[in-house]
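# Reading the structure
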Amino acid sequence: MSDPGERIFLTGGAGVIGHALLAELDPAEVMCLRHISALPVALDSQLSGDICEPRMGLDQRAFRELARGTSCVVHMAAETRWASDPRKIELTHRVGAETALELAALADAPLHYISTAFIPIQGSEPSGAEAPSSGVNDLRSGLDAYLMSKAAADRLIATSGIPGTIIRPSYVIGDSASGEIAHFQGLYRIVSLALRNLIPALPVRPDSVTDFVPQDVVARTILGAIRANARSGELWVTAGERALRAGEFLDLALDLAGRIGLEANRPRLMSPDVIDRLIRPVFIEQLPHAMQQMFDDMLAMTTLLGHAGVLPSSLQLIEESFDMEVVFDPRAALEHSLLYWAEQKGLLAPDGLR
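Residues numbered from 1 in each chain as written. Predicted model: local features only at pLDDT ≥ 70, side-chain atom pairs only at ≥ 80, totals over all residues. Heavy atoms only, no water.

## A word on the overall build of the protein
Tallying secondary structure elements over the protein gives eleven helices and 13 strands in all. Scored against the burial criterion, the 354 residues of the protein give a buried share of 53%. Approximately 16,100 Å² of the protein is accessible, and the part contributed by carbon and sulfur atoms is 51%. (Helix = DSSP H or I, 4+ residues; strand = E, 2+ residues; numbered from the N terminus. Buried < 20%, exposed > 50% of the residue type's maximum accessible area, 1.4 Å probe, protein only. Areas by Shrake-Rupley, 256 points an atom, 1.4 Å probe, with all protein chains shown as cover.)

## Quick notes on the sheet that holds strand 11 (residues 234-237)
Taken together, seven strands build an open sheet; the order of strands is 3-2-1-4-5-6-11 and the sheet is parallel. Both edges of this open sheet fall to strand 3 (46-48) and strand 11, since each of them pairs with a single strand only. Going across the sheet, the axis of each strand differs from the next one's by a mean of 20°, ignoring polarity. Note: strand 6 (residues 164-169) against strand 11, four bridges, orientation parallel. Among the inter-strand pairings, Pro 169 is bridged to a residue of strand 11, identified as Val 237. Across the face of the sheet, helix 2 (residues 60-68) comes into contact with strand 1 (7-11), strand 2 (30-34), strand 3 and strand 4 (70-75) while running at roughly 105° to strand 4. Its contacts with the sheet place helix 3 (residues 86-107) against strand 1, strand 4 and strand 5 (111-114), and it is angled at close to 165° to strand 4. (Pairing = 2+ DSSP bridges. Axes fitted to C-alpha atoms, helices over the stretch in contact; angles between N-to-C directions. Contact = heavy atoms within 4.5 Å.)

## Structural notes on the environment of Glu 263
Within the secondary structure, Glu 263 sits in the loop between helix 7 (246-259) and strand 13 (268-269). A sequence separation of 66 residues divides Glu 263 from Asn 197, and the C-alpha atoms of the two residues are 8.6 Å apart.

## Things to note about the side chain of Arg 168
Tracing the backbone shows Arg 168 in strand 6. On the basis of relative accessibility, which here comes to 3%, the residue Arg 168 falls in the buried class. For Arg 168, the side chain forms a polar contact with the side chain of Glu 234, separated by 3.3 Å. Among all residues touching Arg 168, those that are not within four sequence positions of it are Ser 115, Thr 116, Ala 117, Ile 119, Asp 154, Glu 234, Leu 235, Trp 236, Val 237 and Thr 238. (Polar contact = N/O pair within 3.5 Å; in protein donor to acceptor, adjacent residues only side chain to side chain.)

## A closer look at the packing of aromatic side chains
Summed over all chains, the structure comprises four aromatic pairs. Between Phe 118 and Tyr 171, the ring centres sit 5.7 Å apart and the planes meet at 65°, which makes this aromatic pair edge-to-face. One end of the pair, Phe 118, is in the loop between strand 5 and helix 4 (138-158); the other, Tyr 171, is in strand 7 (residues 171-173), and 53 residues separate them in sequence. For the pair Phe 118 and Tyr 171, a shared accessibility class is recorded, and that class is buried. With a centroid separation of 6.1 Å and an interplanar angle of 50°, the aromatic rings of Phe 184 and Tyr 340 are classed as tilted. Residue Phe 184 is located in the loop between strand 7 and helix 5 (187-195), and its partner Tyr 340 is located in helix 11 (residues 330-344); the two are separated by 156 residues in the primary sequence. Put simply, the rings of Phe 184, Tyr 188 and Tyr 340 pair up and form one aromatic cluster. (Phe/Tyr/Trp six-rings, centres within 6.5 Å; stacked < 30°, edge-to-face > 60°.)

## Observations regarding the nonpolar core
Formed by 93 residues in total, the largest nonpolar core has its most connected members in Leu 21, Val 74 and Ile 222. No other element matches the eight residues that helix 7 contributes to this core. Residue contacts for Val 74: discarding those within four places in its chain leaves Ile 8, Phe 9, Leu 10, Thr 11, Leu 21, His 112, Ile 222 and Ile 226. Ile 51, Leu 58, Leu 66 and Tyr 113 belong to the second-largest nonpolar core, a separate cluster that totals 25 residues. (Core = buried A, V, L, I, M, F, W, Y, C linked by side-chain atoms within 4.5 Å.)

Structure follows, in structure tokens:
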């Protein structure tokens, strides 16, 4: 940083990536926005505010004072709860991006924005992946709102002229070595349903791509961009060509389940349109409304489990540009994450793996 009195201003510190990034940073060099959830580390410099409010709820004078002490803005706050009101999801991402840009401009500082690798491609389906067309539900509406509003924020920042980077991680899992993670979400929820024999079928093709990335890889990428004072570029933090296919992902999870003593049946992997045409009319529509909703929620959760194509990846470029290791082994990383999940859920046998 250019001045000892200046700090990195960080939003989203209470999230999964925030936990991992704050563990890498000196608390003395960070000013962190805090809203509801407690931050994972003790910081002398915390700002109470709401990312959904213009200037985070600060008046103009306080906002300018904040800018004077800011050397870099890292904006990762997002509404990842797909069951939330779609209007709140859109508001969070739109106003959050506008505020981050305003702060970076006032501070004359670079902005590093944490987007998503699943942003819709122009002309594609809203989710960027195949999904059943019927059965509108809260989670699906929330997912579409999340992806579309993240894409809109992405475009706003990319065309703003403010220096910095756009960082696009895929599904975030636990630490590549320990598997540790602050909150279980995304793939963990799908695995939990599968290993509890609650989903006989998944709406993904076996050869579709399941891309995930460990939290420490994302955190190191952000840290590298900060330390290098990166002022341009789009960084795709994904497994890319190394990503597992959906069938491989499921086989690895089931193999691990057997090794820890769980008797899990293998769900069938089916094209989403087959589930829409055959499963829903014959079986699902005969169920009570609450069970139909549960089924539709499951479909929404699995929408990004099988991506239609290989995602771009910047891991090699990140290693070369920032002089750090970020390329990872997806199989090993997933196994560490699932073992950590099983341990935290009390699913490991007394003697561990079998």
